[in-house]
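Breakdown of the fold
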Amino acid sequence: MAFSKIIAESMDLTDTYAFTGTVTGAGEVNTPFFFTVGVSSSQALSNQTFTTLTNWNTPTKSTQGTFSSGVYTPGIAGKYFFYLMCDIGNMADTDRVFCRIQADSDGNGSFSQKGATGKDICAHGNADIAAQTSMIINCTANTQIRAQGWHEYGSNRNFQGGFFMAHLLNKE
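Calculation notes
- Residues numbered from 1 in each chain as written.
- Predicted model: local features only at pLDDT ≥ 70, side-chain atom pairs only at ≥ 80, totals over all residues.
- Heavy atoms only, no water.
- Helix = DSSP H or I, 4+ residues; strand = E, 2+ residues; numbered from the N terminus.
- Buried < 20%, exposed > 50% of the residue type's maximum accessible area, 1.4 Å probe, protein only.
- Contact = heavy atoms within 4.5 Å.
- Areas by Shrake-Rupley, 256 points an atom, 1.4 Å probe, with all protein chains shown as cover.
- Core = buried A, V, L, I, M, F, W, Y, C linked by side-chain atoms within 4.5 Å.
- Phe/Tyr/Trp six-rings, centres within 6.5 Å; stacked < 30°, edge-to-face > 60°.
- Lys NZ or Arg CZ within 6 Å of the ring centre and 35° of its normal.
- Patch = residues over 30% accessible without salt bridge, like charges linked within 9 Å, V, L, I, M, F, W, Y side chains within 5 Å.
- Salt bridge = Lys/Arg side-chain N within 4 Å of Asp/Glu carboxyl O.
- Lys, Arg positive; Asp, Glu negative; His and termini not counted.
- Pairing = 2+ DSSP bridges.

As for the overall build of the protein
The secondary structure content of the protein amounts to one helix and 13 strands. The order of α-helices and β-strands along the protein, N terminus first, is α-β-β-β-β-β-β-β-β-β-β-β-β-β. Counting all 172 residues of the protein, 38% fall into the buried class. Considering only contacts within the protein whose residues lie at least 6 apart along the sequence, 75% involve residues at least 24 apart. In the form shown here, the protein has an accessible surface area of approximately 9300 Å², with 48% of it arising from carbon and sulfur atoms.

So, in structure tokens, the structure goes:
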């Protein structure tokens, strides 16, 4: 196919093209990634205190990156999509539940919130509430990401399930 055909007519994606050489820039592999589900046993969360959620199953993950004690480190710099849903059990009427994702960009233990905090309010007593949030974070290879939950029941409530995941959108 001649270059002039592309410019003059644009490319008809229903045509068959015979390329020679190497095609580059056509996409990336979206690893590393991880996905984990909260375990069936519960983790106690203190009243009105953001608590790092550590009660996760062994994640499904790519070979890059690590996940330990509720903290994910991607191992490869890039822009990542993160999602968190945390289920906090047995809340009373009008009690609020929050979840948030925090990042420590250089891995030195100094976490800061990234993006919005997910929030939900209990409409009926003795209900489980599942707040959710998602965001895109630019990570270094050493960025540490953690998920946290918060409630205002008055005494301890339990994180009793949820999802925490991330995947690479593009490399920096």
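There is more to say, and it comes next.
What to know about the environment of Thr133
Its place among the elements puts Thr133 in strand β11 (residues 127-139). Separated by 35 residues in the primary sequence, Thr133 and Phe98 place their C-alpha atoms 9.1 Å from one another.

With respect to the nonpolar core
Ranked by size, the top nonpolar core spans 29 residues in total, and within it Leu53, Trp56, Phe82, Leu84, Ile137, Ile145 and Phe164 carry the most contacts. Once you skip the residues sitting within four places of it in the chain, Leu84 turns out to touch Leu53, Trp56, Cys99, Arg100, Ile101, Ala131, Gln132, Thr133, Ala147, Gln148, Phe163 and Phe164.

Notes on the packing of aromatic side chains
For the coordinates displayed, the defined rule picks out ten aromatic pairs. An angle of 25 degrees between the planes, with centres 5.2 Å apart, marks the rings of Phe34 and Phe67 as stacked. In this pair, Phe34 is assigned in strand β1 (residues 33-37) and Phe67 in strand β5 (residues 66-68), connecting sequence segments 33 residues apart. Phe67 carries the same exposure label as Phe34, and that label is buried. Grouped by ring-pair contacts, the aromatic residues Phe34, Trp56, Phe67, Tyr72, Phe159 and Phe164 constitute a single cluster. For the cation-ring pair, Arg157 lies above Tyr153, with the distance from its terminal atom to the ring centre recorded as 3.7 Å.

Observations regarding a nonpolar patch on the surface
On the surface, Phe35, Val37 and Phe163 cluster together into a nonpolar patch covering about 210 Å² of accessible area. Within the secondary structure, Val37 is located in strand β1. On the accessibility criterion, Val37 (32% relative accessible area) is partly exposed.

Some details on the side chain of Asp87
Within the secondary structure layout, Asp87 lies in strand β7 (residues 78-91). No salt bridge is formed by the buried Asp87; its nearest oppositely charged neighbour, Arg157, is found at 11 Å. In this structure Asp87 touches Asp128, Ile129, Ala130, Asn158, Phe159, Gln160 and Gly161, once residues within four positions along its chain are discounted.

Some words on the pairing of β7
With eleven of 14 residues buried, β7 is to be regarded as a mostly interior element. One ladder, built from twelve bridges, connects β7 with β11; its direction is antiparallel. Among the inter-strand pairings, Met91 is bridged to a residue of β11, identified as Ala127. Summarising the sheet, β7 and strand β13 (residues 157-171) pair through eleven bridges and their orientation is antiparallel. Within the sheet, the bridge partner assigned to Lys79 lies in β13 and is Asn170.

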